[in-house]
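# Structural features, examined
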Amino acid sequence: MENFVFQSPTKIIFGKGVETEVGQEVKKYANRVLLHYGGGSIKKYGLYQKVIKSLKDAHVDVVELSGVKPNPRLSLVKQGIKICKEQDIEFILAVGGGSVIDSAKAISAGVFYDGDVWDFYTGKSQVTQALPVGVVLTIPAAGSEASKGSVITNQDGGYKRSVNCDLLRPKFAIMNPELTFTLPKHQTIYGISDIMAHIMERYFTNVESVDLTDKLCEATLRAVINNAQSVLKNPRDYNARAEIMWASTIAHNDLLSTGRVGDWASHAMQHELGGIYDVAHGAGLSVVFPAWMKYVYRNNLNRFAQFAVKVWGVEPDFNDLEKVSLMGIKRTEEFFDKIGLPTRLKDLGIGEDRLEEMAEKCTQAGPIGNFKKLYKQDVINIYKLAL
């Protein structure tokens, strides 16, 4: 096990009806808030009205910025920074899923920075101060409600990049599984893919003696897999929705990272799909991750065989770890197929024409991944496996 520092200060407020508590939570930090959200769904289903009432009852002044899209845009972030500076915003409240939260975090980092906020995402500068952010979560997926990360897309050049800083962790996350009852199927399954990918990025490590976090990863994966079936049969299954929503937080608040070194190559490769083709994050991950598995599994057969047995219930065979490993990969892909996720680039309408460009951009700062270092040609090979 590696040395680690674990810090997860986000206050989680979880359960039925908790969205009405948002005003009193925001009031602890500010009197003037930027309400940041996406499209019309929060208004259509009444969440917007509840949030506004709660904020007004707490005597919090509200300035609004809507329009967040999947793969949140740098242009809207810059608009939000301008609003915050001009209107003396003290707090940012993100109402939505990972894209809204990531956009809110980017705005919070940019308010105190005199340069271009994109500098944080290219590594040219580090976040040293940020406005506090709170969350009302509507889509369990990215885990951004308690993570230190933010991912933003710069349409100038088609780049999708991330920044990680503990200053960006939300102060609180209000999580009512009932708010996910009306999610379209595609958002539900993309969320499931995202959650599983966050766990698997951490699970596939070469670090030895991480038995506790191995078991936590395996149990969380199994909970997501089992409850995914229930949610797809009955979208209003509160308990199943609750399990998936809590798993989204656990998968990415860094608890499962403690003492281990994760991989993150699949995320890097997916970011190129998002930046160039505007592919939904979960949809890209369900394509890339199985291809990555097929390319690297021989690097640590014991780890992949353990994954197959402990997560997917594959029969152990100590005389043929490769067979067991391949069966685990097969069952991963079959599960994605079963719940309606894409598993091939062609499912996303993507061909071979820009594979080299994506691989070049993906590795321009050096090789990616920790489980197995991947260079440009490796990335091209994985994209080809995903075709």
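Described in the following lines is the structure provided in the data block.

Below, the discussion takes up helix α13 (residues 321–339). Across its 19 residues, α13 extends 28 Å between first and last C-alpha, which sits within 8% of the 27 Å expected from 1.5 Å per residue. As for α13, its buried residues are in contact with α7 (185–203), α8 (211–233), α11 (281–296) and α12 (301–312).

The next point concerns unusual backbone geometry. Its identity is not glycine, yet His 59 carries a phi of approximately 60°, on the positive side. As for its placement among the helices and strands, His 59 is situated in the loop between α3 (47–57) and β3 (61–65). At Asp 254, a residue that is not glycine, the phi angle is positive and equals roughly 85°. Using a relative accessible area of 17% as the deciding quantity, one classes Asp 254 as buried.

Looking now at the sheet that holds strand β4 (residues 91–96). Spatially, β1-β8-β5-β4-β2-β3 is the arrangement adopted by the six strands of the open sheet, whose pairing is parallel. What marks the edges here is a single partner per strand, and that holds for β1 (11–14) and β3. The average angle at which neighbouring strand axes cross in this sheet is 20°, direction not considered. Sitting on the sheet, α3 touches β2 (32–37), β3, β4 and β5 (133–137), and the angle it makes with β2 is about 175°. The strands touched by helix α4 (residues 74–86) are β2, β3 and β4; relative to β3, the strand with the most contacts, the crossing angle is about 155°.

A few words on empty space enclosed by the protein. Taken as a whole, this structure holds one cavity of 30 Å³ or more when the rule is applied. When its volume is computed, the largest cavity comes out at roughly 60 Å³. As for the largest cavity, its lining consists of Ile 139, Pro 140, Leu 183, Gln 187, Thr 188, Gly 191, Ile 192, Ile 195, Arg 241 and Ile 244. Of all the elements in the fold, those that place two or more residues in the lining of the largest cavity are α7 and α9 (238–250).

Below, the discussion takes up the pattern of salt bridges. Per the stated rule, a full pass over the model turns up 22 salt bridges. Among the ionic pairs, Glu 86 bridges to Lys 82, the shortest N-O distance being 2.8 Å. You can see Glu 86 and its partner Lys 82 sitting in helix α4, four residues apart, about one turn around the helix. A single salt-bridge network, built from bridges that share partners, covers Asp 166, Arg 169, Arg 202 and Asp 254.

Glancing now at the nonpolar core. In this structure, Met 196, Phe 204, Met 269 and Trp 292 are the most contacted members of the largest nonpolar core, which totals 64 residues. Considering every element that reaches this core, the biggest residue donor is α11, with nine residues. Met 269 has contacts with Val 288, Trp 292, Cys 362, Ile 368, Leu 374, Val 379, Ile 382 and Tyr 383, leaving out every residue within four places of it along the chain. Listed in part, the 37 residues of the second largest apolar core include Val 77, Tyr 121, Ala 130 and Val 135.

Thresholds applied
Throughout, residues of each chain are indexed from 1 in the direction in which the sequence is written. Selection of residues for local features in this predicted model requires a pLDDT of at least 70, selection of side-chain atom pairs for listing and counting requires 80 or more, and totals for whole chains, interfaces and linings are taken over all residues. The side-chain values count all of the structure's non-hydrogen atoms but skip hydrogen atoms and water molecules. Numbering of helices and strands runs from the N terminus, with a helix taken as a DSSP run of H or I at least four residues long and a strand as a DSSP run of E at least two residues long. What a helix should span is 1.5 Å times the count of its residues minus one. The criterion used for residue contact is that any of the two residues' heavy atoms lie within 4.5 Å. Relative accessibility under 20% of the residue-type maximum defines a buried residue, over 50% an exposed one, and the middle range a partly exposed one, all with a 1.4 Å probe and only protein chains included. Pairing between strands requires that DSSP locate at least two bridges from one strand to the other. For helices, the axis comes from a line fit to the C-alpha atoms of the stretch in contact; other axes are also lines fit to C-alpha atoms, and the angle between any two N-to-C directions lies between 0 and 180 degrees. The definitions used throughout rest on a 1 Å grid laid over the protein atoms alone, on which a cavity is an enclosed set of points accommodating a 1.4 Å probe that cannot get out and a pocket is an open set flanked by protein within 12 Å on both sides along at least five of seven lines; lining residues are those having an atom within 4 Å of a point. Grid points are joined across faces, edges and corners, and a volume is the space filled by probe spheres set on the points. What makes a salt bridge here is a side-chain nitrogen of Lys or Arg within 4 Å of a carboxyl oxygen of Asp or Glu, nothing more. For the purposes of this section, nonpolar cores are sets of buried Ala, Val, Leu, Ile, Met, Phe, Trp, Tyr and Cys residues that join through side-chain atoms within 4.5 Å.

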